[in-house]
Amino acid sequence: MTEMSKHNRLLPWYVGIAVIFAAVIYLGYLMRATNCGISTPMAFIVLGIMPVVYLEHVH
């Protein structure tokens, strides 16, 4: 008989959110440490809005 393993169906979402969160923190650190010339609104768009839009469209 074939047994289906019971696993959390949202595990890929959790892993994806963790990876995106880590990338946002790392990029924010790099932008801050290197005095990147990007404006604050653009930094917010890159580090805040883009990951949210990505997560909304991944199914």
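Reading the values: rules and limits
- Residues numbered from 1 in each chain as written.
- Predicted model: local features only at pLDDT ≥ 70, side-chain atom pairs only at ≥ 80, totals over all residues.
- Heavy atoms only, no water.
- Helix = DSSP H or I, 4+ residues; strand = E, 2+ residues; numbered from the N terminus.
- Buried < 20%, exposed > 50% of the residue type's maximum accessible area, 1.4 Å probe, protein only.
- Areas by Shrake-Rupley, 256 points an atom, 1.4 Å probe, with all protein chains shown as cover.
- Axes fitted to C-alpha atoms, helices over the stretch in contact; angles between N-to-C directions.
- Parallel < 35°, antiparallel > 145°, perpendicular 65-115°, else oblique.
- Contact = heavy atoms within 4.5 Å.
- Nonpolar A, V, L, I, M, F, W, Y, C, P; charged D, E, K, R; others polar.
- Expected span 1.5 Å × (residues − 1).

Caption draft 1: Structural detail: the overall build of the protein chain. Helix and strand counts for the protein chain come out as 2 helices and 0 strands. Looking at the 59 residues of the protein chain, the share that counts as buried comes to 8%. Carbon and sulfur atoms form 70% of the exposed surface of the protein chain, whose accessible area is close to 5,500 Å².

Caption draft 2: Spotlight on the packing of helix α1 (residues 11–33) against helix α2 (residues 40–57). At a closest axis distance of 10 Å, the pairing of α1 and α2 adopts a crossing angle of 170°. As judged from the angle between their axes, α1 and α2 are roughly antiparallel. Facing W13, I17, I20, V24, L27, G28 and M31 of α1, the residues of α2 in contact are A43, L47, P51, Y54 and L55. Along the lines of polarity and charge, the residues of the contact of α1 with α2 split into 11 nonpolar, 1 polar and no charged.

Caption draft 3: Structural detail: unusual backbone geometry. A positive phi angle is found at N35, which is not glycine, with a value near 50°. As for its position among the elements, N35 is in the loop between α1 and α2. You can call N35 exposed: its relative accessible area is 67%.

Caption draft 4: Highlighting α2. With 18 residues, α2 extends 25 Å from end C-alpha to end C-alpha; this agrees with the ideal 26 Å at 1.5 Å per step. Every buried residue of α2 is accounted for by A43, L47 and P51. Next to the buried residues of α2 lie α1.

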